[in-house]
Amino acid sequence: MKREWTGEQSGDRKGCTVTTTTTTRGIVIDAPVEKVLAFLTDPEKAVQAFPMGRNVTVSDIAISPEGAVTSYRETMPVRLGPLHFHVRDTVTVQEYVANQRMVDKSSTGPIHEWTVEPSGSGTRLRFTGTVSTRIPLLDKVKVFVFTRGRGQARNMDMVLAEVKKLVEAEAQPPQAAD
């Protein structure tokens, strides 16, 4: 995990401090690159890989004329001790390169970068998560809340393991009944 302090110019606020937490994790999945990326570009499937995903509602999916998802809305319940609230955000696909990478950004701040490349008979999937804030150390609070205290690296390992399980289950042909 890498933590950076940088100066950034934003609007008329010159040199404001931004804190950023970036973590990259990876896994090999026994499925072709096309299947892995197809899973990740389907918001209703992809959110299921996140620990809070089973409770996420996906809506307002916008699709480009080429058939690619360009944005969607998520609503998710969050519980932190006695606090119970819903987070609503819009996820926008910022970059998509067929069979190589996808970058999406949530209106709540996190940026997810997914890269895929062939690895033997499967696919190496790399997941980079970035959380930035203008308030020093608030990135740590965001990570704590959204990972339920597990930390970004452990949470990302859980996401990757779930992507692997779900994609490999989809990639397997159905078993014939005896």
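In case you missed it, the structure is sitting above this.
Report on the accompanying structure. Quick caveat: nothing in here was measured; it's all calculated off a predicted structure.

A separate point is the pattern of salt bridges. Oppositely charged side chains can form a pair if their charged atoms are brought close together. With the rule as written, the count across this model stands at seven salt bridges. Its salt-bridge partner being Arg101, residue Glu95 comes within 2.7 Å of it at the nearest N-O pair. With relative accessibility at 21%, the residue Arg101 sits in the partly exposed group. For the salt bridge of Glu168 with Lys164, the shortest nitrogen-to-oxygen distance reads 2.9 Å. Highlighted residues: Glu168 and Lys164, both in helix 4 (residues 152-171), separated by four residues, approximately one helical turn. Through salt bridges with shared partners, one network takes in Glu95, Arg101 and Glu113.

Grouped together as the largest cluster of nonpolar side chains are 20 residues, with contacts concentrated most on Ile29, Val36, Leu40, Trp114, Leu125, Val163 and Val167. If you list the elements that add at least two residues to this core, you get strand 2 (13-29), helix 1 (33-40), strand 7 (111-119), strand 8 (122-133) and helix 4. Listed in part, the ten residues of the second largest apolar core include Val47, Met52, Val58 and Val91.

Calculation notes
Residues numbered from 1 in each chain as written. Predicted model: local features only at pLDDT ≥ 70, side-chain atom pairs only at ≥ 80, totals over all residues. Heavy atoms only, no water. Salt bridge = Lys/Arg side-chain N within 4 Å of Asp/Glu carboxyl O. Buried < 20%, exposed > 50% of the residue type's maximum accessible area, 1.4 Å probe, protein only. Helix = DSSP H or I, 4+ residues; strand = E, 2+ residues; numbered from the N terminus. Core = buried A, V, L, I, M, F, W, Y, C linked by side-chain atoms within 4.5 Å.

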